[in-house]
Amino acid sequence: METNETHHPHTHEHERKSHHSDKVKANLVSRLNRIEGQVRGVRGLIERDTYCDDVLNQIASIQSALNGVGKLLLEHHMKSCVVERIQEGDTDAIDELLITVNKLMK
């Protein structure tokens, strides 16, 4: 029987799973729920023709909150997934991480 990799050579990259503790996952989800609420709030501010500077300050707050989620996720990714892959001899993990960090820093 053929594996999925025969049909989709890069499938294995998309099948990788994170293994966050329940505490970390709950923290990430809670932060994202707050950010989602903030985004809805900004939409409401725009719909109500709120002064632009006030809206921009809210957007800055959302960007800061998203950066916080990214930093937390990056820390856990480096301490778990990346370390494990390197220990298994998969040095491609470093290149993958560098590409991701470059995207985060744009």
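1. Some words on the overall build of the chain
Item 1. Helix and strand counts for the chain come out as 5 helices and 0 strands.
Item 2. Reading the chain from its N end, one meets helices and strands in the order α-α-α-α-α.
Item 3. Sequence-distant contacts, at least 24 apart, represent 53% of the contacts inside the chain between residues at least 6 apart.
Item 4. With the model as given, the accessible surface of the chain reaches about 8600 Å², and the carbon-plus-sulfur share is 55%.

2. Some thoughts on the pattern of salt bridges
Item 1. A complete count under the given rule lists 4 salt bridges for this structure.
Item 2. Linking Glu 75 and Lys 79 is a salt bridge whose minimum nitrogen-to-oxygen distance equals 3.0 Å. Taken together, the residues span about one helical turn, with Glu 75 and Lys 79 both in helix 4 (residues 52-87) at a distance of 4 residues.
Item 3. With a relative accessible area of 36%, Glu 75 lands in the partly exposed category.
Item 4. A relative accessible area of 61% places Lys 79 in the exposed class.

3. A word on the packing of helix 3 (residues 22-47) against helix 4
Item 1. Where helix 3 meets helix 4, the closest approach of the two axes is 10 Å, and the angle between their N-to-C directions is 165°. The orientation of helix 3 with respect to helix 4, classified from their angle, is roughly antiparallel. At the point where helix 3 passes helix 4, the crossing takes the left-handed sense. Here Val 24, Asn 27, Leu 28, Arg 31, Leu 32, Ile 35, Gln 38, Val 39, Val 42, Leu 45 and Ile 46 of helix 3 lie close against helix 4, whose contacting residues are Val 55, Gln 58, Ile 59, Ser 61, Ile 62, Ala 65, Leu 66, Gly 68, Val 69, Leu 72, Leu 73 and His 76.
Item 2. Taken together, the residues of the contact of helix 3 with helix 4 sort by class into 16 nonpolar, 6 polar and 1 charged.

4. Regarding a nonpolar patch on the surface
Item 1. Nonpolar side chains collect at one region of the surface, where Ile 86, Ile 94 and Leu 98 lie side by side and expose about 250 Å² of accessible area between them.
Item 2. The topology assignment puts Leu 98 in helix 5 (residues 92-104).

5. Comments concerning helix 3
Item 1. The end-to-end C-alpha distance of helix 3, which contains 26 residues, comes to 37 Å, matching closely the 38 Å that a straight helix rising 1.5 Å per residue would cover.
Item 2. Taken together, the buried positions of helix 3 are occupied by Val 24, Leu 28, Ile 35, Val 42, Gly 44 and Leu 45.
Item 3. The inward-facing, buried residues of helix 3 contact helix 4.
Item 4. Looking one or two residues beyond helix 3, the residue adopting positive phi is Asp 49, at roughly 55°.

Quick notes on the rules
Residues numbered from 1 in each chain as written. Predicted model: local features only at pLDDT ≥ 70, side-chain atom pairs only at ≥ 80, totals over all residues. Heavy atoms only, no water. Helix = DSSP H or I, 4+ residues; strand = E, 2+ residues; numbered from the N terminus. Contact = heavy atoms within 4.5 Å. Areas by Shrake-Rupley, 256 points an atom, 1.4 Å probe, with all protein chains shown as cover. Salt bridge = Lys/Arg side-chain N within 4 Å of Asp/Glu carboxyl O. Buried < 20%, exposed > 50% of the residue type's maximum accessible area, 1.4 Å probe, protein only. Axes fitted to C-alpha atoms, helices over the stretch in contact; angles between N-to-C directions. Parallel < 35°, antiparallel > 145°, perpendicular 65-115°, else oblique. Left-handed = near helix turned anticlockwise from the far one by under 90°. Nonpolar A, V, L, I, M, F, W, Y, C, P; charged D, E, K, R; others polar. Patch = residues over 30% accessible without salt bridge, like charges linked within 9 Å, V, L, I, M, F, W, Y side chains within 5 Å. Expected span 1.5 Å × (residues − 1).

In short, geometric facts, not functional conclusions.
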